[in-house]
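Understanding the architecture of this molecule
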Amino acid sequence: MLNTTTGTVLSVNKLWWLRITTKAVHMGPQDGAIFPHILKIRYMADGVEYTKNKWVVTKKPIPREGDTVQLIYDDLKPGKIKLDL
């Protein structure tokens with residue numbers, strides 16, 4: 001069964017060396033480029049505290065250090081999370 005919880009972002013690292021292109025035609029070197037981030041998140045699931053690194057690729061604003069984020073996890077595998085961005 002899927003559950004939700006909140007987590008706290010402990011750190012945010014932008015992977016500048018890994019550019020993902022979102023446009024077929026470019027007008028400049030960074031046109032249409034997005035860069036993945038790795039978030040370190042602490043959260044509680046079923047009374048146990050977890051700290052996980054989560055790879056995030058999105059055009060939406062990336063959470064900052066100290067922000068609270070919504071997480072989705074499975075009761076059977078609480079160590080695996082999905083960010084609800």
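A quick note: this is a predicted structure, and the numbers were derived from the prediction, not measured.

Along the chain, tryptophan 55 falls in strand S5 (residues 48-56). A residue is classified by how much of its surface remains accessible, and tryptophan 55, at 45% relative accessible area, is partly exposed. Considering only alpha carbons, one finds tryptophan 55 and serine 11, 44 residues apart in sequence, at a separation of 12 Å.

Time to look at the pairing of strand S6 (residues 68-74). Each regular strand shows side chains that alternate between the opposite faces of the sheet. Only one face of S6 is covered, namely the one carrying Val69, Leu71 and Tyr73; the face carrying Thr68, Gln70, Ile72 and Asp74 has none of its residues buried. Pairing of strand S1 (residues 2-14) with S6, which is carried by 7 bridges, proceeds in the antiparallel orientation. From the neighbouring strand, glycine 7 faces S6, where its bridge partner is valine 69. Two elements, S6 and strand S7 (residues 77-83), share 4 bridges in a ladder whose sense is antiparallel. Residue pairing in the sheet places tyrosine 73 in a bridge with isoleucine 81 of S7.

Our next topic: the packing of aromatic side chains. Counted according to the given criterion, the structure contains 2 aromatic pairs. The interplanar angle of 50 degrees and the centroid separation of 5.3 Å between the aromatic rings of tryptophan 16 and phenylalanine 35 together place this pair among those described as tilted. In this pair, tryptophan 16 is assigned in the loop between S1 and strand S2 (20-21) and phenylalanine 35 in the loop between strand S3 (33-34) and strand S4 (37-45), connecting sequence segments 19 residues apart. We classify tryptophan 16 as exposed; its relative accessible area is 58%. Consider the rings of tyrosine 43 and tyrosine 50, whose centres lie 5.3 Å apart with planes at 15 degrees: the pair is stacked. Among the residues examined, tyrosine 43 registers a relative accessible area of 2% and is labelled buried.

Hydrogen bonds between backbone groups are what pair the strands of a sheet, and the pairing can be parallel or antiparallel. Reading across from one edge, S5-S4-S1-S6-S7 is the order of the 5 strands in this open sheet, with antiparallel pairing throughout. The open sheet has two edge strands with one neighbour each: S5 and S7. Taken pair by pair, the neighbouring strands of this sheet meet at an average axis angle of 40 degrees, ignoring direction. By the bridge criterion, 7 bridges tie S1 to S4 in an arrangement that is antiparallel. Across the sheet, the residue bridging to valine 12 is leucine 39, located in S4.

Definitions and limits used
Residues numbered from 1 in each chain as written. Predicted model: local features only at pLDDT ≥ 70, side-chain atom pairs only at ≥ 80, totals over all residues. Heavy atoms only, no water. Helix = DSSP H or I, 4+ residues; strand = E, 2+ residues; numbered from the N terminus. Buried < 20%, exposed > 50% of the residue type's maximum accessible area, 1.4 Å probe, protein only. Pairing = 2+ DSSP bridges. Phe/Tyr/Trp six-rings, centres within 6.5 Å; stacked < 30°, edge-to-face > 60°. Axes fitted to C-alpha atoms, helices over the stretch in contact; angles between N-to-C directions.

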